[in-house]
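A structural walkthrough
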Amino acid sequence: MKAFKKALAVLMVFAMVITTMTAFDVTSASAKVKSIKVAKKVTVSVGKTATVKVKVKTTGKTSKKFTVKVSKKKIVKVTKKKGKIKIKGLKAGTVKITIKSKANKKKKKTIKVTVVNPDVKMSIKQVDYRVYKLSFSKAVKIKDSNVKAQIKRMKSGNYVQNLKVEDVSTSDSRIYTVVLANSVNFYDGNMVKFTVTGVNKKAIVQEVEAYAPNRDRTEEKVLKVQDIENINDHWDVEDYTVSGAYGKVKSVSGVPSGLKYTNVDGRMYLKGKFGRTGVFTITFIIEDEKGTTNTLRIVYVVGSDNKLTIYCPKRVVGIRENIKDSYGSFSRIYIAGGSNSYTVTSSDNAGIFDGDPYKDSTGVYDWDFDSDTIGTKTGVFTVKDNNSGALQATGKAVVETKKTIVVKGKVTTASGKPVYDATVNALPKVITEHSIKDYDYTDKNGNYEVEVFAGTYDMNAEVNSIYSFVYDKKITGNTTQNFKISAYRVEMKSSDAKLDPRFYHTWYTADDEREVGYGNVLYFKPGTYNIKSADETFPGVTYDAKASFTVKGDMTVTANVTATGQDIQTLNEGTTHLVANIRDTYYKFVPSATDCFFFKSDAYNGDPDLYIYDEDGNELDYDTSGGGFDFDVKLTQGKTYYVRYLEYDGTGYTLDLKIYRVY
């Protein structure tokens, strides 16, 4: 009996367990997973995170939990929290993310995720009218065809003209230099719009204002007057604005007693009479439509019949420290009052001033100085009125010499060959005093040398509108900066051996007349070119030269040259009767001995010039003074020399020319 009761109890407990399990079964007929809702497509940038909601719709007490499976874990990282997933882009590409119900694995959805690189940002800075610096937030690859430029003349206008892009270059794929062709004239205030494709899905479009980056925003005019004069001076506001128009005077200061300022129809007027002598500086602050301010200083040096007034602005110049050769310049001395006839002498040369100040053609006195040391020096001078011995004054000329820094370097082609006659510039971030030589031309070995004050500079080398830039270079001491341009050396030769290519003039492209260089050495980027040149050259030869070639490296090109020239007559020693049937005529002369030869004309009825050249076209001597010729030059026996007769008053004049040895 006990055993039966025990068995019955076990059966009752088992029945209760079965009943309980049946009550909470998620797969019962009364509860199920109906659907999963989630975005079908998601796009996220590398490094960014997108949040996606996952909605599992169920009935009854069915679980809403889900699993996440990623097809490519190197492209995205996925984290799950409650009813959301967060997708972080790791690298560009596409991936599938599968969302599956835990309660019913047959219920699932797929998300297509595209991971893209973030849009590249671009900023533009103008280096010169035709040169622009394009900076990108990351390395990109663009070429000439990716860049489009347009111009409009004013902000309120329309972009109606496309600009040809001459060159696009870079050294690090993040900063590009864009050079625009010189077929359009730029003016301050013009707007340029750049459109860059091939970087982002959408083109990058930005505007930049054209202006003169190296302009001096402060201008000073000095005027000398007597206090009894009636002043009636004016200046056009537009002459002191960047855009050349729409300027306005923001402030005027320093107007002395006796003068009145008015502004009428865009002109700044000063009228009246000074009440006393002295130096008066009136400052105009002018702002144009773009918010750029310029400063105009008008300095009046006012004297009287009984008093001399002197104004000598401080000069600041740069010299090399411990330079062996002194550096020369001059101070300007303005004097007003008295009879306007003065004698100016130096009483203290301060160790750098040379001699006495002297009067130039404008009535201003210049005082030359030379210095090879750094520092500030003051020279003292005395002004005496020539018509009144008692009327005199003493003035001071202050010169500050500042240390300059020497930057040397070499400019080479893409193949490492030196570039001759390239221009190297050092453009300061802030315009202060001018250095001695902040630009230079390379010699035949590609070497250059510039001098600057300490600071931050954009430096560039340029030949044939092809640039190499170094931006934001901090210069604190003597340094070396080399440049490599993305071009090759092309040497031009003539199909006619009689025409030496050293006398060729400017070369142009055959299609758009763009200038591409001068002489017999040119520089080109890789590509195919058709060029031409036509000119009159020594000795009186008119020629046409054409060449077609493809540049892949340094090369020599033979140009097809056709030429016509004068029949050059030979002159002999003694009296030669010349008739100039054309205004520009060449003659040959072969001396019979090595000696000085005298060239002289006794009679003529025109206004001729005479030039003497050696057989290579080097000018040896000339006479352009008007009237007859009268000069001698040393010549070598047996060599051929050319005599050029150039007539300005017309043709058909008769000239008697005598050539004889100087014994």
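For clarity, every value in this text was computed on a predicted model and none was experimentally measured. Residue indices begin from 1 for each chain and proceed along its sequence in written order. Per-residue local features are limited, in this predicted model, to residues with pLDDT of at least 70; the limit for side-chain atom pairs, both in listing and counting, is 80 or more; totals at the level of whole chains, interfaces and linings are taken over all residues. Water and hydrogen atoms play no part in the side-chain values, which are based on all heavy atoms of the structure.

Another aspect to go through is the side chain of Thr-509. Strands are runs of DSSP state E lasting at least 2 residues, helices are runs of H or I lasting at least 4, and numbering of each runs from the N terminus. Tracing the backbone shows Thr-509 in strand β41 (residues 506–509). Only heavy atoms matter for contacts: two residues are in contact if any of them lie within 4.5 Å across the pair. Setting aside residues no more than four positions away along its own chain, Thr-509 makes contact with Arg-514, Val-516, Asn-530, Ile-531 and Lys-532.

Time to look at the confidence of the model for the protein. pLDDT runs from 0 to 100 and stands for how confident the predictor is about each residue. Within the protein, residue pLDDT values average 84, and 86% of them lie at 70 or more. Considering each helix and strand of the protein separately, the mean pLDDT is smallest for helix α1 (residues 2–23), with a value of 48, and largest for strand β25 (residues 309–311), with 97. Under a pLDDT of 50 for its full length, residues 13–29 has, in the predicted model, three contacts with residues more than four places off or in other chains.

The next subject is the nonpolar core. Throughout, nonpolar core names a set of buried Ala, Val, Leu, Ile, Met, Phe, Trp, Tyr and Cys residues whose side chains join them through atoms within 4.5 Å. Only protein chains enter the accessibility calculation, which uses a 1.4 Å probe. A residue is then buried if its area is under 20% of the maximum for its type, exposed if over 50%, and partly exposed in between. Core analysis: the biggest nonpolar cluster contains 26 residues, and Tyr-132, Leu-134, Phe-136, Ile-142, Leu-180, Val-192 and Phe-194 have the highest contact counts within it. If you list the elements that add at least two residues to this core, you get β10 (122–128), β11 (131–136), β12 (147–152), β14 (165–170), β15 (175–180), β16 (191–196) and β17 (204–209).

With respect to topology, four strands assemble into an open sheet ordered β13-β12-β16-β17, the strand pairing being antiparallel. Strands with a single pairing partner mark the edges of an open sheet, and in this sheet they are β13 (161–163) and β17. Averaged over all neighbouring strand pairs, the angle between strand axes comes to 30 degrees, with direction disregarded. Between any two strands, pairing holds if DSSP finds at least two bridges. Both β12 and β13 contribute to a ladder of three bridges, which runs antiparallel. Residue Ala-149 lies in a different strand from β13, and its bridge partner there is Leu-163. Here the axes come from fitting lines to C-alpha atoms, over the contacting stretch only for helices, and the angles between their N-to-C directions go from 0 to 180 degrees.

What the four strands build is an open sheet, ordered β18-β24-β23-β20; its pairing is mixed. What marks the edges here is a single partner per strand, and that holds for β18 (218–226) and β20 (248–253). This sheet shows a mean twist of 20 degrees between the axes of neighbouring strands, independent of strand direction. Bridge analysis of strand β23 (residues 278–287) against strand β24 (residues 293–303) gives ten bridges, and the strand direction is antiparallel. Within β24, the residue paired with Ile-285 across the bridge is Thr-295.

Okay, the environment of Ile-352 next. Assignment of secondary structure puts Ile-352 in the loop between β28 (342–348) and β29 (358–359). The spatial distance from the C-alpha of Ile-352 to the C-alpha of Thr-373 is 9.3 Å, given a sequence separation of 21 residues. Ignoring any residue separated from it by four or fewer positions in sequence, one finds Ile-352 in contact with Asp-368, Phe-369, Asp-370, Ser-371, Lys-377 and Val-399.

Attention now moves to the packing of aromatic side chains. Two aromatic rings from Phe, Tyr or Trp, using only the six-membered ring of Trp, form a pair when their centres are within 6.5 Å; if the ring planes differ by under 30 degrees the pair is stacked, by over 60 it is edge-to-face, and anything between is tilted. Within this structure, the stated rule accounts for 24 aromatic pairs. Pairing Trp-235 with Phe-284 gives two aromatic rings, centres 6.2 Å apart and planes at 50 degrees, and the pair type is tilted. Here the residue Trp-235 occupies a position in strand β19 (residues 231–236), and Phe-284 occupies one in strand β23, the gap between them amounting to 49 residues. The exposure classification of Trp-235 matches that of Phe-284, with both residues buried. What links up through ring pairs into an aromatic cluster is the set Phe-353, Trp-367, Phe-369 and Phe-381. Positioned above the aromatic ring of Tyr-611 is the side chain of Arg-644, whose terminal nitrogen or guanidinium carbon lies 5.8 Å from the ring centre. Both a distance and an angle decide whether a charge sits over a ring: NZ of Lys or CZ of Arg must be within 6 Å of the ring centre and within 35 degrees of the ring normal.

Within β15, five of the six residues are buried, which leaves the element mostly enclosed by the surrounding structure. When β11 meets β15, the two strands line up antiparallel, connected through five bridges. Within β15, the residue paired with Ser-135 across the bridge is Ile-175. Bridge count for β14 against β15 is five bridges, and the pairing is antiparallel. By the bridge assignment, Asp-167 is partnered in β15 with Val-179. Here β14 folds back onto β15 in antiparallel fashion, the turn holding four residues, of which Ser-173 has a positive phi close to 65 degrees.

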